[in-house]
Amino acid sequence: MEEHRRRKRYAGTHPKTFAEKYKEHDPDKYADTVARVISKGSTPAGMHLSIMADEVLEVLRIQPGERGLDATLGYGGHARRMLECLEGRGHLCGLDVDPIEIVRTRERLRKAGYGEEIFTAVRENFARIDSVARAYGPFQFVLADLGVSSMQIDNPERGFSYKLDGVLDLRLDPESGVPAWQRLSRMSREEIQGMLEENADEPYAREIAGYIARQRKKGVVLRTTADLRETVETALAFLPENGEKKEVLKKTCQRVFQALRIDINNEFEALEAFLTKLPQVLDKGGRVAILTFHSGEDRMVKKAFQEYYRQQIFTEISREVVRPSPEECRANGRARSTKLRWAIRG
């Protein structure tokens, strides 16, 4: 019999750290607590609120019996809504490179009643959808949500957020490649500046890259999220002290972490491969919806869709981006930068 262990207590009256928020980590058991957190416009720890789920379902028009692909499974919120549309017939394949979250999501959906016959989780990068389609396609509907999941952002051990102290890792797959702090320690000043400009349109790229390079000459290694955050703040110390400086530093930190995350995970390269292979995995009349959170991603999707439409591979594409409703943005602040584009295969 397994030994019973008491939950570790936290200081004060309310849990503060990611690990202490045990109620939010168990939404089925503590539904009231989770509902209160969501009602305040926050995302519960260990969870991810699916963005624009209704709009996604509207453009995908999923029918019972169809085969589909969730190219970025994450917490599985979109997947669950798509599975509901299948009504027990057809099949959904979900991809994710995160070895931690894919296990949790698979188990979560199994408990919801979706067995292997209708849902399969595959640990794979969506850049290789061609190999996935050979086993589970062709697909009548495909969704790609390019945002990082809240579970990853909120876990300080993953190093995705400048707000939380932890190792500067930023890998979607922590079992592959090198952590961001190692990557950053090997990059030249020119490489850092180029990364910040190309991946995040960072206006202070030159100043930040120059300061990081000078610090490295002194033997300083940016191993933690706090190290990088403080480096950005120091590099921009020349900014005038006024009411706007705090917001400028916040936005700059967001862009710097975003640029480094995109670089360390080869996100643009993976998206390019996904878009190149997309037509060949879609069945005739197949629908695709893509959610982007970065202007560079949206430009890539828009350009690819327009080219496939010109070649008459796609018969319909969204002429304008679809944005989340004001109500959703108020309920979930992480939805504000979302853009949805869709297309239909000829």
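Residues numbered from 1 in each chain as written. Predicted model: local features only at pLDDT ≥ 70, side-chain atom pairs only at ≥ 80, totals over all residues. Heavy atoms only, no water.

This brings us to the pattern of salt bridges. Inspection of every chain in the model, using the stated rule, returns 23 salt bridges. A salt bridge links K339 to D298; the shortest N-O distance between them is 3.9 Å. In this pair, K339 is assigned in strand β7 (residues 339-345) and D298 in helix α13 (residues 295-310), connecting sequence segments 41 residues apart. We classify K339 as partly exposed; its relative accessible area is 24%. Among the residues examined, D298 registers a relative accessible area of 7% and is labelled buried. A salt bridge links R330 to E327, with the shortest nitrogen-to-oxygen separation between them at 3.7 Å. Taken together, the residues R330 and E327, both in helix α14 (residues 326-331) and three residues apart, mark about one turn of the helix. The same class applies to R330 as to E327, namely exposed. Several salt bridges share partner residues, and in doing so they unite R123, D173 and E175 into one network. (Salt bridge = Lys/Arg side-chain N within 4 Å of Asp/Glu carboxyl O. Helix = DSSP H or I, 4+ residues; strand = E, 2+ residues; numbered from the N terminus. Buried < 20%, exposed > 50% of the residue type's maximum accessible area, 1.4 Å probe, protein only.)

Locating T120 in the fold gives a position in strand β3 (residues 119-123). A distance of 2.8 Å separates a polar atom in the side chain of T120 from a polar atom in the side chain of H91. If sequence neighbours within four positions are ignored, T120 has contacts with H91, L92, C93, G94 and Y136. (Polar contact = N/O pair within 3.5 Å; in protein donor to acceptor, adjacent residues only side chain to side chain. Contact = heavy atoms within 4.5 Å.)

A few words now on the nonpolar core. By size, the foremost hydrophobic cluster in this structure holds 33 residues, and its most contacted members are L69, F126, F274, L275, L278, I290 and F305. When residues of this core are traced back to their parent elements, those giving at least two are β2 (91-96), α5 (129-136), β4 (139-145), α12 (267-281), β5 (282-292), α13 and β6 (314-317). Examining the composition of this core, we find that seven residues originate from one element, α12, more than from any other. The residues touching L278, leaving out its near neighbours within four places in the chain, are I129, V142, V288, F305 and F314. (Core = buried A, V, L, I, M, F, W, Y, C linked by side-chain atoms within 4.5 Å.)

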